[in-house]
Amino acid sequence: MKIITSPKEMKDFAHSAKAEGRKIALVPTMGALHEGHFSLIDRAKELADIVVVSIFVNPTQFGPNEDFDKYPRQLEEDLKGCADHGADAVFTPSTSDIYLPDASTFVVEEEISQHLCGKSRPKHFRGVTTVVSILFNIVQPDVAVFGDKDAQQVAIIKRMVRDLFMDVEIVSAPIVRDENGLAISSRNKYLDKLERIGAARIHEALLAGKKLVDGGSLNIDRVKALVINSVTNAKTRVIYVEVVDRETSLPVNEIVPGKSRISVAVWFGQTRLIDNIEI
Ligand code: PAF
């Protein structure tokens with residue numbers, strides 16, 4: 001497995017692979033890799049000849065009071081995980097490789113990013129679309145794989161790729177959950193053992209909402225109220241519970257079974273967690 005830090009070397013690697021007619025898949029990550037990321041690498045291997053994993057904790061997607069400094073960094077362990085899962089290259093640039101000191105260009109999606117996480121994290125998606133565009137320009141993937149846990153992020157990236165005529169296919173892969181149902185996330189590292197068990201109530205609340213819909217209730221307010229009540233306890237503070245269109249992640253006024261999703265974000269103690277379920 002090749003470990004590449006410079007954008008120039010990464011571009012050269014991509015050019016050579018393409019010249020040999022090979023298809024490249026990119027799995028963009030911020031490191032602290034877990035089973036969810038490994039499932040994306042496994043999916044990428046099914047889709048392309050060469051799998052590149054990028055590991056870059058992207059400063060522009062963190063707000064001023066967010067967890068950029070304490071975000072888990074464990075490069076050695078991550079490299080081992082990538083190698084074990086058969087990645088061909090890991091691209092791990094420094095911040096100054098990606099953002100020149102006077103960089104002044106950003107990529108902004110202006111509709112989907114106004115909702116859900118975009119409301120409480122105003123510049124978050126601007127940072128995501130910008131860094132993903134930069135990574136696409138450097139790695140030149142034919143396909144990029146993202147996790148469904150970040151369903152709004154996937155919808156925004158798909159919209160960006162469509163709007164900007166980018167030549168990359170966006171594939172999403174299912175949420176991976178721990179034995180209690182908690183969606184696996186790098187931020188779960190902030191939770192202690194008991195908190196992890198408690199945070200499983202987020203998935204239980206989503207399942208309760210789905211059960212209500214499966215039972216025939218299409219009343220959004222009832223579904224949202226049930227999810228909010230099920231998720232709330234002394235440890236949690238709901239940031240949002242929304243019923244959205246499954247493809248666009250835009251909030252809807254009507255539940256359309258088979259085409260909708262319930263998305264939630266909660267503070268669980270000091271940790272911000274998101275999850276969703278298709279309904
Ligand atoms: O989902 C993530 O880990 C990040 O938002 C991404 C896509 C790697 C961009 O920094």
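Notes on the structure in this doc start here. Positions within a chain are numbered from 1, following the residues in the order the chain's sequence is written. Where local features are concerned, this predicted model is filtered to residues with pLDDT of at least 70; where side-chain atom pairs are given and counted, the filter is 80 or more; whole-chain, interface and lining totals use all residues. The basis for every side-chain value is the complete set of heavy atoms in the structure, and neither hydrogens nor water enter the calculation.

### A look at the site of the ligand
Part 1 of the argument: Throughout, near means a residue has at least one heavy atom within 4 Å of the molecule or strand. Residues in contact with the ligand, as listed here, are Pro28, Thr29, Met30, Asn58, Gln61, Val128, Val131, Phe146, Asp150 and Gln153.
Part 2 of the argument: Counting of polar contacts relies on pairs of N or O atoms within 3.5 Å, with two restrictions inside protein: one atom must be capable of donating a hydrogen and the other of accepting it, and residues adjacent in sequence are counted only when both atoms are side-chain atoms. Separating an oxygen atom of the ligand from a side-chain N or O atom of glutamine 61 is a distance of 2.6 Å.
Part 3 of the argument: Measuring from an oxygen atom of the ligand, one finds a side-chain N or O atom of glutamine 153 at 2.7 Å.
Part 4 of the argument: Accessible areas in this description were obtained via Shrake-Rupley with a 1.4 Å probe; residue shielding takes into account the shown protein chains only. Protein chains shield 89% of the accessible area of the ligand, which is 290 Å² for the free molecule.

### A short note on helix α6 (residues 124–139)
Part 1 of the argument: Secondary structure elements follow DSSP: runs of H or I no shorter than four residues count as helices, runs of E no shorter than two count as strands, and numbering proceeds from the N terminus. Any helix carries an expected span of 1.5 Å times its number of residues minus one. Between its first and last C-alpha, α6 extends 22 Å over 16 residues, near the 22 Å set by a 1.5 Å rise per residue.
Part 2 of the argument: Burial runs high along α6: 13 of the 16 residues are buried.
Part 3 of the argument: Looking one or two residues past α6, glutamine 140 carries a phi angle of roughly 50 degrees, positive in sign. Under the scheme applied here, a residue whose accessible area is under 20% of the maximum for its type counts as buried, over 50% as exposed, and between as partly exposed, the area being computed with a 1.4 Å probe on protein chains only.

### So, helix α3 (residues 75–84)
Part 1 of the argument: Listed as buried for α3 are Asp78, Leu79, Gly81 and Cys82. The arc that holds every buried residue of α3, seen down its axis, measures 160 degrees, which confines them to one face. Turned more than 90 degrees away from the buried face of α3, the exposed residues are Glu76, Glu77, Lys80 and Asp84.
Part 2 of the argument: Positive phi shows up at glycine 86, right after α3, with a value of about 80 degrees. The directions from the helix axis to the C-beta atoms form the arc being described.

### Some remarks on the sheet that holds strand β4 (residues 89–91)
Part 1 of the argument: Taken together, the six strands give an open sheet; going across it, the order is β1-β4-β3-β2-β5-β6, and neighbouring strands pair in parallel fashion. If you trace the sheet from one side to the other, it starts and ends with β1 (2–4) and β6 (169–173), each paired once. Each strand axis lies, on average, 25 degrees off the axis of its neighbour in the sheet, ignoring direction. Note: two strands are recorded as paired if DSSP finds a minimum of 2 bridges between them. An axis is simply a line fitted to the C-alpha atoms; with a helix, the fit covers only the stretch in contact. Between two such axes, the angle follows the N-to-C directions and lies from 0 to 180 degrees.

### Focus on the pattern of salt bridges
Part 1 of the argument: In the sections that follow, a salt bridge refers to a side-chain nitrogen of Lys or Arg positioned within 4 Å of a carboxyl oxygen of Asp or Glu. Overall, the coordinates contain 17 salt bridges when judged by the stated rule.
Part 2 of the argument: Among the charged side chains, a network of salt bridges with common partners joins Arg246, Arg261 and Glu278.

### Here's the deal with the pairing of β6
Part 1 of the argument: Strand direction decides the pairing type here: strand β5 (residues 143–147) and β6, joined by five bridges, are parallel. Residue pairing across strands places valine 143 opposite glutamate 169, the latter belonging to β6.
Part 2 of the argument: By convention, a crossover is right-handed whenever its connection, traced from the first strand over the helix to the second and viewed with the strands pointing away, goes clockwise. This β-α-β element, β5 to helix α7 (residues 151–163) to β6, shows right-handed connectivity.

### What to know about the sheet that holds strand β7 (residues 236–245)
Part 1 of the argument: The sheet built from three strands is open, its strands ordered β7-β8-β9 with antiparallel pairing. For this open sheet the edge positions go to β7 and β9 (271–278), each flanked by a neighbour on one side alone. The mean angle between the axes of side-by-side strands here comes to 15 degrees, regardless of whether they run parallel or antiparallel.

### A look at the pairing of strand β8 (residues 260–268)
Part 1 of the argument: Of all the nine residues making up β8, eight are buried; the element is thus mostly covered by neighbouring parts of the structure.
Part 2 of the argument: The pairing of β7 with β8 spans nine bridges and is classified as antiparallel. Considered in β8, the bridge of valine 244 is made with arginine 261.
Part 3 of the argument: Alignment of β8 against β9, held across eight bridges, turns out to be antiparallel. In the sheet register, serine 263 faces β9, and the bridge partner there is asparagine 276.
Part 4 of the argument: The turn joining β8 and β9, which pair antiparallel and follow one another in sequence, is formed by two residues; a positive phi near 60 degrees is taken by glycine 269.

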